[in-house]
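Take a look at the letters that make up each chain.
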Amino acid sequence: MKEAWNKLASIDCSDHIEKKGNLSYLSWAWAWKTLCDNYPDSTFEFQKTESGSEFWPMPDGTGEVRCNLTVNGLTRTCWLPVMDYRNSAIENPNARDINDAKMRCLVKAIALFGLGLYIYAGEDIPSNKPSADAKPKYQKEKEARVEKQGSFLGEELASDAN
């Protein structure tokens, strides 16, 4: 599994990053195609509540979706609130809102396997980053957390392969 992490994390997604406001994201179609080009047996499913809904409600009227993604035999679960274009949770979301959240959640789950994970750290490209001294403290801290998570995930993948 370390091979999968290394392969997906090394893919430069910068030509495929789309912007909405000040947020960066990858198209779910491109991310899924890229994953399947490398691991064609990958599968995903959205978790369902006891009543069969893929929307998991919260007490305040908002809710989330949950995606299980299996790549090369390893399954990871990701969750994401149903949000509007400002990344604010939506009360009483409609079907379109839930569908959008599901596909965003799929891309986030794919990132847990390495593809585009650096985007969640606020970076636009995975290498040739500006020097650490040129970044604000909060950005350095965020990158350190993501690098640590990436390292942890990479180690977890390596141990799964043994």
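Residues numbered from 1 in each chain as written. Predicted model: local features only at pLDDT ≥ 70, side-chain atom pairs only at ≥ 80, totals over all residues. Heavy atoms only, no water.

1. A closer look at the confidence of the model for the protein
Stage number 1. Confidence in the prediction of the protein, expressed as mean pLDDT, is 83, and 75% of residues score 70 or more.
Stage number 2. Every residue in residues 128-138 scores below 50 in pLDDT, and together they form 8 contacts with partners more than four places removed in sequence or on other chains. (pLDDT = per-residue confidence, 0-100. Contact = heavy atoms within 4.5 Å.)

2. Looking at the state of the cysteines
Stage number 1. Considering all chains together, one arrives at 0 disulfides under this definition.
Stage number 2. Here C78 stays unpaired: no disulfide links it, and the sulfur of C105, its closest cysteine neighbor, is 4.6 Å away.
Stage number 3. Using a relative accessible area of 0% as the deciding quantity, one classes C105 as buried. (Disulfide = S-S within 2.5 Å. Buried < 20%, exposed > 50% of the residue type's maximum accessible area, 1.4 Å probe, protein only.)

3. Points about unusual backbone geometry
Stage number 1. A positive phi angle, close to 55 degrees, is found at N72, a residue other than glycine.
Stage number 2. Structurally, N72 can be placed in the loop between β5 (63-71) and β6 (74-81).
Stage number 3. Relative accessible area serves as the criterion here: at 46%, N72 is assigned to the partly exposed category.
Stage number 4. One non-glycine residue, N87, adopts positive backbone phi at about 65 degrees.
Stage number 5. The topology assignment puts N87 in the loop between β6 and α3 (95-111).
Stage number 6. Relative accessible area serves as the criterion here: at 42%, N87 is assigned to the partly exposed category. (Helix = DSSP H or I, 4+ residues; strand = E, 2+ residues; numbered from the N terminus.)

4. Structural notes on the packing of aromatic side chains
Stage number 1. Within this structure, the stated rule accounts for 2 aromatic pairs.
Stage number 2. Aromatic pair W32 and F44: ring centres 4.9 Å apart, planes at 80 degrees, arrangement edge-to-face. Placement of the pair is W32 in helix α2 (residues 28-38) and F44 in strand β3 (residues 43-46), with a sequence separation of 12 residues.
Stage number 3. F44 sits in the partly exposed class, given a relative accessible area of 32%.
Stage number 4. Centroid distance F44 to F46: 5.6 Å. Interplanar angle 75 degrees. Geometry classified as edge-to-face.
Stage number 5. Relative accessible area serves as the criterion here: at 10%, F46 is assigned to the buried category.
Stage number 6. An aromatic cluster is defined as three or more aromatic residues linked by ring pairs; in this entry it consists of W32, F44 and F46.
Stage number 7. Here the basic side chain of K7 rests over the ring of Y39, its NZ or CZ set 5.4 Å away from the ring centre.
Stage number 8. Note that K102 overlies the ring of F46, its terminal NZ or CZ placed 4.9 Å from the centroid. (Phe/Tyr/Trp six-rings, centres within 6.5 Å; stacked < 30°, edge-to-face > 60°. Lys NZ or Arg CZ within 6 Å of the ring centre and 35° of its normal.)

5. Some points on α2
Stage number 1. Burial in α2 covers these residues: W30, A31, W32, T34, L35 and C36.
Stage number 2. On its buried face, α2 sits against α1 (2-9), β2 (23-26), β3, β5 and α3.
Stage number 3. Measuring from the side-chain oxygen of the N-cap residue of α2 to the backbone nitrogen of A29 gives 3.2 Å; that N-cap residue is S27. (Polar contact = N/O pair within 3.5 Å; in protein donor to acceptor, adjacent residues only side chain to side chain.)

6. Description of the side chain of D84
Stage number 1. Tracing the backbone shows D84 in the loop between β6 and α3.
Stage number 2. At 2.8 Å, the side chain of D84 and the side chain of R86 are in polar contact.

7. Quick word on the packing of α2 against α3
Stage number 1. In the contact formed by α2 and α3, the axes pass within 9 Å of each other and the chain directions differ by 35 degrees. Between α2 and α3 lies a crossing whose hand is left-handed. Between α2 and α3, the residues in contact are W28, A31, W32 and L35 and M103, L106, V107 and I110, respectively.
Stage number 2. Classifying every residue of the contact of α2 with α3 by side-chain character gives 8 nonpolar, no polar and no charged. (Axes fitted to C-alpha atoms, helices over the stretch in contact; angles between N-to-C directions. Left-handed = near helix turned anticlockwise from the far one by under 90°. Nonpolar A, V, L, I, M, F, W, Y, C, P; charged D, E, K, R; others polar.)

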